[in-house]
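Residue strings, one per chain:
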Amino acid sequence: MREKIAACRTWVVKIGSSLLTDAGLGNGTSLSPGPGLDREAIAGWAAQIARLREAGLKLVIVSSGAVAEGANRLGLGAMPRELRLQAAAAAVGQMGVIEAWESCFSKHGVRTAQILLSHEDLSNRTRYLNARSTLTSLLKLGAVPVINENDSVATEELCLGDNDNLAALVSNLINADVMVNLTDQDGLFSADPRKNEEATLIGNARAGDPALDRLAGAGGSLGRGGMITKLSAARLAARSGTHTIIANGREADLLPRLREGAEIGSWLSAENEPVTARKQWLAGQLTLKGSLMLDAGAVRVLRSQGKSLLAVGITATEGSYRRGEVVACLDASGTEIARGMVNYDSGEVAKLLGQDSSRIADLLGYAGEEEIIHRDNLVLAC
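One structure accompanies this document, and this report is about it. (Residues numbered from 1 in each chain as written. Predicted model: local features only at pLDDT ≥ 70, side-chain atom pairs only at ≥ 80, totals over all residues. Heavy atoms only, no water.)

1. Regarding the overall build of the protein chain
Point 1. A tally of helices and strands in the protein chain yields 13 helices and 13 strands.
Point 2. Taking all 382 residues of the protein chain together, 51% fall into the buried category.
Point 3. In the protein chain, of all internal contacts separated by at least 6 residues, the share reaching a separation of at least 24 is 72%.
Point 4. Approximately 16900 Å² of the protein chain is accessible, and the part contributed by carbon and sulfur atoms is 49%. (Helix = DSSP H or I, 4+ residues; strand = E, 2+ residues; numbered from the N terminus. Buried < 20%, exposed > 50% of the residue type's maximum accessible area, 1.4 Å probe, protein only. Contact = heavy atoms within 4.5 Å. Areas by Shrake-Rupley, 256 points an atom, 1.4 Å probe, with all protein chains shown as cover.)

2. Comments concerning the nonpolar core
Point 1. If you look at the biggest cluster of nonpolar residues, it comprises 38 residues, and the most contacted ones within it are Trp11, Trp101, Leu182, Leu255 and Leu258.
Point 2. Broken down by element, this core gets its largest block of residues, seven residues, from helix H2 (residues 39-54).
Point 3. Grouped together as the second largest cluster of nonpolar side chains are 29 residues, Ile115, Leu139, Ala143 and Val326 included. (Core = buried A, V, L, I, M, F, W, Y, C linked by side-chain atoms within 4.5 Å.)

3. Notes on unusual backbone geometry
For residues that are not glycine, phi is negative in most cases, and the peptide bond is trans in most cases.
Point 1. A positive phi angle, near 60 degrees, is found at Asn175, a position not held by glycine.
Point 2. Topologically, Asn175 is positioned in the loop between helix H7 (163-174) and strand S5 (178-183).
Point 3. A relative accessible area of 12% places Asn175 in the buried class.
Point 4. The phi dihedral of Asp253 is positive, around 50 degrees, even though this residue is not glycine.
Point 5. Mapped onto the elements, Asp253 comes out in the loop between strand S7 (243-248) and helix H9 (254-259).

4. As for the side chain of Ser64
Point 1. Mapped onto the secondary structure, Ser64 falls in the loop between strand S2 (58-63) and helix H3 (66-74).
Point 2. At 2.9 Å, the side chain of Ser64 forms a polar contact with the side chain of Asn163.
Point 3. Excluding residues within four positions of it along the chain, Ser64 makes contact with Lys14, Ile15, Gly16, Ser17, Leu20, Val97 and Asn163. (Polar contact = N/O pair within 3.5 Å; in protein donor to acceptor, adjacent residues only side chain to side chain.)

5. Observations regarding the sheet that holds strand S8 (residues 266-269)
As a general point, the strands of a sheet are linked pairwise by backbone hydrogen bonds and lie either parallel or antiparallel.
Point 1. With mixed pairing, eight strands are arranged side by side in an open sheet as S3-S4-S2-S1-S5-S7-S8-S6. What marks the edges here is a single partner per strand, and that holds for strand S3 (112-117) and strand S6 (204-206). Recorded for the sheet is a direction-independent mean angle of 20 degrees between the axes of neighbouring strands.
Point 2. In this structure, S5 lies alongside S7, joined through six bridges in parallel fashion. Note that in S7 the partner of Met179 across the bridge is Thr244.
Point 3. In the packing of H7 onto the sheet, contacts are made with strand S1 (10-15), S2, S3, strand S4 (144-149) and S5, and the angle to S1 comes to roughly 170 degrees. (Pairing = 2+ DSSP bridges. Axes fitted to C-alpha atoms, helices over the stretch in contact; angles between N-to-C directions.)

6. A closer look at the pattern of salt bridges
Point 1. Summed over all chains, the structure comprises 11 salt bridges.
Point 2. Arg73 is the partner of Glu69 in a salt bridge, and the nearest nitrogen-oxygen pair spans 2.6 Å. With a gap of four residues between them, Glu69 and Arg73 both fall in helix H3, about one helical turn apart.
Point 3. Given the relative accessible area of 43%, Arg73 is considered partly exposed.
Point 4. Three or more residues are tied together by salt bridges with common partners; here these are Lys14, Asp164 and Lys230. (Salt bridge = Lys/Arg side-chain N within 4 Å of Asp/Glu carboxyl O.)

7. A short note on the packing of aromatic side chains
Point 1. Summed over the entire model, instances satisfying the criterion amount to two aromatic pairs.
Point 2. For the ring pair Trp101 and Phe105, a centre distance of 5.8 Å and an interplane angle of 25 degrees mean the geometry is stacked. Highlighted residues: Trp101 and Phe105, both in helix H4 (residues 83-106), separated by four residues, approximately one helical turn.
Point 3. On the basis of relative accessible area, Trp101 is assigned to the buried category, the value being 0%.
Point 4. Centroid distance Tyr344 to Tyr366: 6.4 Å. Interplanar angle 40 degrees. Geometry classified as tilted. Taken as a pair, Tyr344 in the loop between strand S12 (336-341) and helix H12 (346-352) and Tyr366 in the loop between helix H13 (360-364) and strand S13 (378-380) lie far apart in primary sequence, 22 residues in all.
Point 5. On the basis of relative accessibility, which here comes to 35%, the residue Tyr366 falls in the partly exposed class. (Phe/Tyr/Trp six-rings, centres within 6.5 Å; stacked < 30°, edge-to-face > 60°.)

8. Topic: H4
Point 1. The end-to-end C-alpha separation of H4 is 34 Å, in line with the 34 Å expected for 24 residues at 1.5 Å each.
Point 2. At Gly93, H4 is bent by approximately 30 degrees, the largest bend along its length. (Expected span 1.5 Å × (residues − 1). Bend = angle between axes of the 7 residues up to and from the residue.)

9. Description of the packing of helix H6 (residues 125-140) against H7
The packing of two helices is summarised by the inter-axis angle and the distance between the axes.
Point 1. Direction vectors running N to C along H6 and H7 enclose 80 degrees, while the axes themselves pass 9 Å from each other. In terms of orientation, H6 lies roughly perpendicular with respect to H7. Seen from H6, the contacting residues are Tyr128, Ala131, Arg132, Leu135 and Leu139; seen from H7, they are Asn172, Leu173 and Ile174.
Point 2. Split into classes, the residues belonging to the contact of H6 with H7 amount to six nonpolar, one polar and one charged. (Parallel < 35°, antiparallel > 145°, perpendicular 65-115°, else oblique. Nonpolar A, V, L, I, M, F, W, Y, C, P; charged D, E, K, R; others polar.)

10. Remarks on the layout of surface pockets
Point 1. Considered as a void within the structure, the second largest pocket measures approximately 720 Å³ in volume.
Point 2. Lining of the second largest pocket is provided by 24 residues; of these, Arg132, Thr136, Lys140, His374 and Asp376 occupy positions nearest its centre.
Point 3. Grouping the constituent residues of the lining of the second largest pocket by class yields four nonpolar, 10 polar and 10 charged. (1 Å grid on protein atoms, 1.4 Å probe; cavity = no way out; pocket = protein on both sides within 12 Å on 5 of 7 lines; lining within 4 Å. Points joined across faces, edges and corners; volume = space filled by probe spheres on them.)

11. Some words on H7
Point 1. The end-to-end C-alpha distance of H7 is 16 Å, a good match for the 16 Å that 12 residues give at a rise of 1.5 Å each.
Point 2. Counting buried positions along H7 gives 11 out of 12 residues, so the element sits mostly inside the fold.
Point 3. For H7, the full list of buried residues reads Asn163, Asp164, Leu166, Ala167, Ala168, Leu169, Val170, Ser171, Asn172, Leu173 and Ile174.
Point 4. Asn175 sits one or two residues past H7 and shows a positive phi near 60 degrees.

12. Describing the side chain of Asp177
Point 1. Tracing the backbone shows Asp177 in the loop between H7 and S5.
Point 2. At 6.6 Å, Arg9 is the nearest oppositely charged side chain to Asp177, a buried residue that forms no salt bridge.
Point 3. Here Arg9 takes part through its backbone nitrogen, which lies 2.8 Å from a polar atom of the side chain of Asp177. (Lys, Arg positive; Asp, Glu negative; His and termini not counted.)

Here it is as structure tokens:
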């Protein structure tokens, strides 16, 4: 299974609070007047990620630590339990988190970008596509996005839960090849190694294996998640074909060694390859909002070449739909040949019928995506 990582070009790296915050925080229930963030550790990960970028990989960081850093800066004396205090601490602490990443990456000539996501950003189709477009653009431009949940405005009802879950959703969002979940434990064990000396590391397994459920335990006090949430996140990421590695973030030179196939941590493999799995995931939740009639050339391109749908091949549109909603793609006889999420609403598509993509900005007044439906968001009919 580890041989697959050589082909993984897009990584999501999630780093937990227990690794990002200084050891001076003690057991997490009482905050000492230490510096909060462990900048030396952050500098180490930045150096590793910079090396992987030089090798041609695209990486996204999901970074915890905002609440703990904010609580330390505000002198709260303990990790806040009330949602309003957590939000306030997150708002203050996020400044420190992003400043630390920016400072460490700048030493390697790498630009960073801050992205704060909420539940609504990932559940609303339009905002989902906007977030995907922004992240893919940042990766193409060579920046390293640093992502966290927007804790300062999150509500208890609409909270993503923890950054394990967020990392999995981001993996789905950008169709990542692998999610590396860094923690303060060596991986998933056959039993709790703190209580059982005979516990052994699960080096390789399928993310969907139900036998893994009994192996996960509870989390620590600095973070919201434990091994059970990491297993759940691995399964969520696997829906779009993303493999997961759970490993100890304190291992020296960890990320480059993982890329070389080192037997470190637990590798939880997805059942299917990313593109196939993502389209299966999309196909299972598509509700049609309209339809597009295509000419023979567009039908041929979609069926035989696996390309995106461009405006030049669309002859008519029916129904009222918005960006991010799903429409059917029909041939001249009215037979559905595909369906997918559109990048424009129905009124805009009507203006673009049969037009070359180079005219989009002139016709709509803004430069949007070249594709009406990107191939990653398009599923061919059986």
